[in-house]
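Chain by chain, the residues run as shown.
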Amino acid sequence: MHKPLSNISQLGRRGFLGVAGVAALSHSLLSRRQVVRALLAKDRLAENTGSSAGSCRGLPPLKITDVRVIVTCPDRNYVLVKVLTSEPGLYGVGDATLNGRELAVAADLEQHISPLLIGRDPEQIEDTWQYLYRGPYWRGGPVQMTALAGIDLALWDIKGKRANMPVYQLLGGRTRTGALAYTHASGRNLVEVEGVARRALERGFKCVRAQVAIPGLEGTYGTPGNKTPEAAAGRVANMAELPQTEVFEPAPYLRAVPRLFEYLRAKLGPEVELLHDCHEKLDPIQAARLAHDLEPYHLFFLEDCLRPEYKESFRLIREHSTTPLAMGELFNSLWDCVPLIKEQLIDYIRCDLGHIGGITAARKVAALAELFQVRTAWHGPGDIGPPTHAANVHVDISIPNFGIQEMVFFPDVTREVISGGPEFKDGYMNVSDLPGLGCDVNEEAAKKYPYRRAYLPTARRKDGSVQDW
Ligand code: EZ4
Ligand code: CO
């Protein structure tokens, strides 16, 4: 649809020509259509505050020529972004997947964001981030911030490829040999969770997040209900056309979770790091009780206790417990992180790079956290794509205050469509030294797996009232 603006690049290199200058040129060199394009491009360039002229020594200026949005369902739904440039073969790949609202993000990218990017300099990542965040006036929210993250990742990918460096080098270079990883173990009962955890340890994991089904409740986040852990792996194939409803009651949950960790500590010994995800479903006093009751089992952290709206309520949990606290996968604004970090109400900030605005946002959160002795634990579930997982690890291995990295193994069918991404070895994640983020998307393969509408489950109390899932 959009052709490379090579004639514009040449104008750009000679400096900005005035409108009259372009018009004068038109008679001798350019067709009418080219002049219109030149004028449009000049407006876009004028919008940029920074220089757009050949920022990489010896390389010509670069333009974004197209933004392709690929919606595909290789096992799960993913929204991928491919930002093409005026340099033949140079493009960036990003991930803009928002589980359950994929098409809203795709429409934002295609209808609203793409036209703003054509003709811009892809090297101006920060300027583009500010422009897309503050430019629409109606800023923020998970849909727009996921779209912005997709573009941000693609632009970092382009910059890395252009510089012939992996992104972690652009972020300051290595601070560690790998990123400590945790995996998920869940089961219908204590013995089943133990079995899954033991298999993880055999595979090399040093850290395991454990969730167990709660007797008397029909499903609780992160547990397999009455299915085997394998059958309940949460794929789109297992999801309903409309949301499934799970039942949650705090009392049995608050009894079951300490029992789970008492059991796992006794069976697995003191060395393994254990984690648990509350998935934002508790009230403050319930979370305080759980954090207190879990103290003897020395969790690595207790994840996402409270709904994301209630940052001040973390004070109550802090007052009652030394269990380390993590929070943040539902945040979609940098400013969500500020109160928790500056009051040291949490120990780990675990934003989702795919929903908070990509690497450009994450490096600011990490820097703020560093100043308050808070570490990072970026969200790493299966419903964000490999480019976001790669971005997680590029940041993890280049910052001083990394804590831990949630991870998943992608099935072969996903890897057929999206290649690359971080690798797991001996308990740690790492990225290759490929330039950029190290991921690619096979558009032909993506077509084989069309989008399938799928919802995350919802939850209700036994009396039928709405409960956070
Ligand atoms: O439920 O990403 O820590 N991981 C999580 C995830 C979230 C999903 C929701 O889309 O809480 O599994
Ligand atoms: Co979580």
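Small disclaimer: the values here were computed from a predicted structure and weren't measured.

The rules behind the values
- Residues numbered from 1 in each chain as written.
- Chains lettered and ligands numbered in written order.
- Predicted model: local features only at pLDDT ≥ 70, side-chain atom pairs only at ≥ 80, totals over all residues.
- Heavy atoms only, no water.
- Donors = N, O, S within 2.8 Å, 3.2 Å for Na, K, Ca; no water.
- Helix = DSSP H or I, 4+ residues; strand = E, 2+ residues; numbered from the N terminus.
- Buried < 20%, exposed > 50% of the residue type's maximum accessible area, 1.4 Å probe, protein only.
- Axes fitted to C-alpha atoms, helices over the stretch in contact; angles between N-to-C directions.
- Parallel < 35°, antiparallel > 145°, perpendicular 65-115°, else oblique.
- Left-handed = near helix turned anticlockwise from the far one by under 90°.
- Contact = heavy atoms within 4.5 Å.
- Bend = angle between axes of the 7 residues up to and from the residue.
- Arc of directions from axis to C-beta.
- Core = buried A, V, L, I, M, F, W, Y, C linked by side-chain atoms within 4.5 Å.
- Pairing = 2+ DSSP bridges.
- Right-handed = clockwise from strand over helix to strand, strands pointing away.

A.B. asks: Give a detailed account of the coordination of the cobalt ion (ligand 2), specifying residues and quantitative values.
C.D. replies: Note on the cobalt ion (ligand 2): its protein donors are D277 (OD), E303 (OE) and E329 (OE). The metal-donor distances range over 2.1 to 2.2 Å. Positions of the donor residues of the cobalt ion (ligand 2), expressed as sequence spacing, correspond to D-x25-E-x25-E. Of this pair, D277 sits in strand β7 (residues 273-277) while E303 sits in strand β8 (residues 301-303); the two residues are 26 residues apart in sequence, bridging distant segments of the chain. Comparing D277 with E303 shows no difference in burial state: the two are buried.

A.B. asks: Any details on the packing of helix α8 (residues 190-202) against helix α9 (residues 250-268)? Residues and values, ideally.
C.D. replies: Two elements in contact, α8 and α9, have axes whose closest approach is 10 Å; the angle formed by their N-to-C orientations is 45°. Comparing their axes, α9 and α8 come out oblique. For the pair α8 and α9, the sense of crossing is right-handed. For the pair α8 and α9, the contacting residues are L190, V191, V193, E194, A197, R198 and L201 in the first and L260, Y263, L264, K267 and L268 in the second.

A.B. asks: Could you give an account of helix α4 (residues 102-117), naming the residues involved and the relevant values?
C.D. replies: Along its length, α4 shows its largest kink, about 35°, at L109. When α4 is considered as a whole, its buried residues turn out to be E102, V105, A106, D108, L109, I113, S114 and L117. Tucked into the core, α4 has its buried residues touching β1 (64-72), β2 (78-85), α5 (125-134) and α6 (142-163). Trailing α4 by a residue or two, G119 shows a phi angle of about 95°, which is positive.

A.B. asks: Could you give an account of α5, naming the residues involved and the relevant values?
C.D. replies: Within the span of α5, buried status applies to I125, T128, W129, L132 and Y133. Down the axis of α5, the sector holding all buried residues measures 125°, keeping them to one side.

A.B. asks: So what about the nonpolar core? Which residues, and what values?
C.D. replies: Counting residues in each nonpolar core, the largest one holds 112 residues, and the members touching the most others are L109, I151, F261, I349 and I359. Apart from the residues within four sequence positions on either side, I151 is in contact with V67, V81, V83, L109, I113, L117 and L132. By size, the runner-up hydrophobic cluster in this structure holds 12 residues, among which are I70, Y91, F410 and V441.

A.B. asks: Break down the pairing of strand β5 (residues 207-212) for me, with residues and values.
C.D. replies: Counting buried residues along β5, 6 of its 6 residues qualify, which places the element largely inside the surrounding structure. Sheet topology note: the strand β4 (residues 179-187)/β5 ladder contains 5 bridges and is parallel. Residue G187 lies in a different strand from β5, and its bridge partner there is V212. In the classification by handedness, the crossover that spans β4, the intervening α8 and the parallel β5 is right-handed. Across 3 bridges, the pairing between β5 and β7 is parallel. Directly across from C207, in β7, lies its bridge partner E273.

A.B. asks: Lay out unusual backbone geometry in plain terms, naming residues and giving numbers.
C.D. replies: Across the chain, the bulk of peptide bonds are trans and the bulk of non-glycine residues have phi less than zero. Residue H298 is not a glycine yet carries a positive backbone phi of 50°. With respect to the helices, strands and loops of the structure, H298 is situated in the loop between α10 (284-293) and β8. Note on H298: relative accessible area 58%, which makes it exposed. Of note in this structure, Q344 is not a glycine but carries a positive phi near 50°. Counting through the fold element by element, Q344 comes out in the loop between α12 (334-342) and β10 (348-349).

A.B. asks: I'd like to hear about the sheet that holds β1, residue by residue, with values.
C.D. replies: The 3 strands lie next to each other as β1-β2-β3, forming an open sheet whose pairing is antiparallel. One side of each edge strand has no neighbouring strand; the edge strands of this open sheet are β1 and β3 (91-95). Taken over all neighbouring pairs, the strand axes of this sheet differ in orientation by 20° on average, direction set aside. Note: β2 against β3, 5 bridges, orientation antiparallel. Bridged to K82 within β3 is V93. Along the sheet face, α4 touches β1 and β2 and points at about 175° away from the line of β1. Here α6 sits on the sheet in contact with β1, β2 and β3, set at roughly 145° to β3.

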